[in-house]
Amino acid sequence: MVDSYRKAIEEMKDWLIELRREIHMHPEIAFEEFRTAKLVAEWLETFGLRVQTGVARTGVVGLLEGKKPGKTIAIRADMDALSITEAHSSPYASRIQGKMHACGHDAHVAILLGVARFFSSIPDRVNGNIKWIFQPAEEGGGGGKMMVEEGVLENPKVDAIFAGHVFPMLPFGKVGVYEREGNAASDRFTIKIIGKGGHGAFPHLCKDPIVAAGHLITQIHSIVSRNIDPQDGAVITIGKIAGGTAFSIIPDEVELVGTVRSLNPQVQEELKNKIEQVTKGVTQSFGLDYRYDFKYGYPILVNDPEMSKLVARACAKEIGAEQIEWLKPSMGGEDFSYYLQRVPGAFFRLGNRNEAKGTIHPYHSSLFDIDEDVLPLGVMMFLRIIAEYMELDLTD
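Residues numbered from 1 in each chain as written. Predicted model: local features only at pLDDT ≥ 70, side-chain atom pairs only at ≥ 80, totals over all residues. Heavy atoms only, no water.

Caption draft 1: How the structure looks around the overall build of the chain. The secondary structure content of the chain amounts to eleven helices and 16 strands. The globule rule puts the C-alpha radius of gyration for 396 residues at 21 Å, and the 24 Å found for the chain is close to it. Reported as C-alpha extents along the three principal axes, the dimensions of the chain are approximately 85 × 45 × 40 Å. Of all intrachain contacts in the chain linking residues separated by at least 6 positions in sequence, the fraction that spans at least 24 positions is 80%. Counting every atom, the chain has about 17200 Å² of accessible surface; 50% of that belongs to carbon and sulfur. Where the 43 positive side-chain charges of the chain centre and where its 53 negative ones centre are 2 Å apart. (Helix = DSSP H or I, 4+ residues; strand = E, 2+ residues; numbered from the N terminus. Rg over C-alpha atoms; globule rule 2.2 N^0.38 Å. Contact = heavy atoms within 4.5 Å. Areas by Shrake-Rupley, 256 points an atom, 1.4 Å probe, with all protein chains shown as cover. Lys, Arg positive; Asp, Glu negative; His and termini not counted. Charge placed at Lys NZ, Arg CZ, Asp CG, Glu CD.)

Here it is in C-alpha cells:
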C-alpha cells in the first residue's frame, strides 16, 4: 500500500478537472450558490459523509466520524463567484453573463471534494473526525461569520482548521505560508461633504464641496505616510467620488467612499480616527459640514504560528522544503479570519502562476484562470496536512 495515496490522487485528476469546470461554467454569487451547494451535498452523500445543508443559507458541512475517538480537524472552501463578465473563450468559460469564478473558488470546492473522496475510501484508518466546510459569500458577504455563528465549529467541536487558496502571484508547484498575519482587516468609510450649491459663475455665493473634496483627498492619502510606522502595514484608498450634475453647477454635496486596510487593531483604530480628524479640519476650513461613517469589515486574518509550521512541515514532506515560501501579509481581506478567531489554524496559498499555460492574471480579472494541475496538488497538500495533524501514516 506504499504510496497508494499518490495513485489515488492521480486517478481522480480527470474527475477533479471535470468537477471544477462544471462549477466554473455555472458561477453563483454570494448567497445564491444553490446549484453549487446541491452538487457538493450530493457528492458528500455519495462518499458516505454525514451532510448538513442550508447553513448560512447555502452553506454545506460534511462530517467523517472516525472509528476511534480523537481530535476534530476542519477544512474550508468558499463557493461564491464574482459579478464579472468572463473575457476568455475557453470551452468551460462562464455560461452566465455578468458572473464568473475569477478568484479560484471553483478550484477550492473541487479540491475539498477530492479530499473527501480520498478519506471516504479509508474511513477505518481515521481516529477522530474530519469536517468539510463549504461556505457561501466570501466575496464581501461575510459568509464565514455566518457559518461560525451558526455553529459549524461545534458538534463535534473543531480543534484545528485549515484553508488553502490558489495564488497567481506564486509559481505553480509552490506552497505559500503565513507565519501569523496573512490578510488585513478590510474596512470601509463614507464621507459626505455638505456645502451650499449654486451657479458656477458665482462661487463666492456658494460653499463648494468639490474644492474641499480635492483638498481632503490629498490629506487622507497623506495619513499613512505621515502617521503610521512604515513597518506597520496600512493602506487607505478612495475608490469612489460622487458629486455634481452639470458643468456650470456647484453641487450641495460630494461623497467619497474608500477602504482602509490594516494589520493590527491599534493601527486600525488610529486610521479610523485620523480620517475623521482630517475630514473635520478640512471641512471646517472651508465653512462646510460633513458626515462620516466607518464600517468594520473582515477582521485581520491571524494564523496560529504552530499551525503554520505544521502546514509548512507537512507540505514539505511531499514537495520538498525548497518549494515552501514564507509570505509577507497581504493587504487583501479574507473572511477565513472569523474561523481563526475561534479555533487555531492556518490559511495557506497554492501557487498557480504558470506563464506557459497563461495563468498569469490576478484575482478578480476577467481573464483569470488556473493551471488545473493545482487541483491534484491541492488535494495532496490537504491530505498531508490532515495526516500530519492527526498523526496518520498515509503509506501504511
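Caption draft 2: Spotlight on the environment of His 221. Residue position: His 221 is located in the loop between α6 (209-220) and α7 (223-227). What makes His 221 partly exposed here is its relative accessible area of 42%. Along the backbone, His 221 and Ile 238 are 17 residues apart, and their C-alpha atoms lie at a distance of 8.4 Å. (Buried < 20%, exposed > 50% of the residue type's maximum accessible area, 1.4 Å probe, protein only.)

Caption draft 3: Just the sheet that holds strand β8 (residues 185-194), in detail. Here we have four strands laid out as an open sheet, ordered β10-β12-β8-β13, and antiparallel in their pairing. Two strands lie at the open edges of the sheet, namely β10 (234-242) and β13 (289-298), each paired on one side alone. Averaged over all pairs of adjacent strands, the angle between their axes in this sheet comes to 20 degrees, without regard to strand direction. Judged from the eight bridges that link them, β8 and β13 form a sheet pairing that is antiparallel. In the strand pairing of β13, Ile 193 is matched with Tyr 290. Relative to the sheet, α6 contacts β8, β10 and β12 (253-262), its axis offset from that of β12 by approximately 10 degrees. (Pairing = 2+ DSSP bridges. Axes fitted to C-alpha atoms, helices over the stretch in contact; angles between N-to-C directions.)

Caption draft 4: Looking closely at the sheet that holds strand β2 (residues 59-65). Strands sit in the order β1-β2-β4-β3-β5-β16-β6-β15 across an open sheet of eight strands; the sheet is mixed. Of all the strands in the sheet, just β1 (50-55) and β15 (324-326) have a single pairing partner and so form its edges. Adjacent strand axes in the sheet meet at a mean angle of 25 degrees when their direction is disregarded. As paired elements, strand β6 (residues 175-177) and β15 share three bridges and run parallel to each other. Bridge pairing in β15 places Val 175 opposite Ile 324.

Caption draft 5: Structural context of the side chain of Thr 58. Tracing the backbone through its elements, the reader meets Thr 58 in the loop between β1 and β2. One polar contact links Thr 58 to Glu 33, side chain to side chain, over a distance of 2.6 Å. Discounting chain neighbours no more than four positions away, the residues touching Thr 58 are Phe 31, Glu 33, Phe 34, Ala 37, Met 79 and Pro 136. (Polar contact = N/O pair within 3.5 Å; in protein donor to acceptor, adjacent residues only side chain to side chain.)

Caption draft 6: Quick peek at the packing of helix α9 (residues 305-319) against helix α11 (residues 374-390). Two elements in contact, α9 and α11, have axes whose closest approach is 8 Å; the angle formed by their N-to-C orientations is 120 degrees. On the basis of the axis angle, α9 is oblique to α11. Two packed elements cross with a definite hand, and for α9 against α11 that hand is right-handed. Listed contacts from α11 to Met 307, Leu 310, Val 311, Arg 313, Ala 314, Cys 315, Lys 317, Glu 318 and Ile 319 of α9 are Leu 377, Met 380, Met 381, Arg 384, Ile 385, Glu 388 and Tyr 389. Taken together, the residues of the contact of α9 with α11 sort by class into eleven nonpolar, no polar and five charged. (Parallel < 35°, antiparallel > 145°, perpendicular 65-115°, else oblique. Left-handed = near helix turned anticlockwise from the far one by under 90°. Nonpolar A, V, L, I, M, F, W, Y, C, P; charged D, E, K, R; others polar.)

Caption draft 7: View of a negative patch on the surface. Taken together, Glu 10, Glu 11, Asp 14 and Glu 18 make up a surface patch of like negative charges. When residues of the negative patch are traced back to their parent elements, those giving at least two are α1 (4-11) and α2 (13-25). Mapped onto the fold, Glu 18 is located in helix α2. (Patch = residues over 30% accessible without salt bridge, like charges linked within 9 Å, V, L, I, M, F, W, Y side chains within 5 Å. Salt bridge = Lys/Arg side-chain N within 4 Å of Asp/Glu carboxyl O.)

Caption draft 8: Geometry of the pattern of salt bridges. Here the structure, examined in full by the defined rule, presents 25 salt bridges. For Glu 325, the salt bridge goes to Lys 174, with nearest N and O atoms at 3.7 Å. Taken together, the residues span a long stretch of sequence, with Glu 325 in strand β15 and Lys 174 in the loop between β5 (160-171) and β6 at a distance of 151 residues. Assessed through its relative accessible area of 30%, Glu 325 is described here as partly exposed. The residue Glu 306 makes a salt bridge to Lys 309 at a minimum N-O spacing of 3.5 Å. Here the residue Glu 306 and the residue Lys 309 both occupy positions in helix α9, the gap between them amounting to three residues, near one helical turn.

Caption draft 9: View of the packing of aromatic side chains. Going through the model one piece at a time under the given rule, you end up with twelve aromatic pairs. Judged by centre distance (6.4 Å) and plane angle (45 degrees), the rings of Phe 167 and Tyr 363 are tilted. In this pair, Phe 167 is assigned in strand β5 and Tyr 363 in the loop between β16 (345-353) and α11, connecting sequence segments 196 residues apart. According to the relative accessible area criterion, Phe 167 is buried, its value standing at 10%. Aromatic side chains Phe 336 and Tyr 339 sit 5.4 Å apart centroid to centroid with 35 degrees between the ring planes, which places their arrangement in the tilted category. (Phe/Tyr/Trp six-rings, centres within 6.5 Å; stacked < 30°, edge-to-face > 60°.)

Caption draft 10: Spatial organisation of the pairing of β16. A large share of β16 lies buried, amounting to eight of its nine residues. Where β5 meets β16, eight bridges bridge the pair, whose relative direction is parallel. Residue pairing in the sheet places Ala 163 in a bridge with Phe 347 of β16.

By themselves, these figures tell us nothing about what the structure is for.
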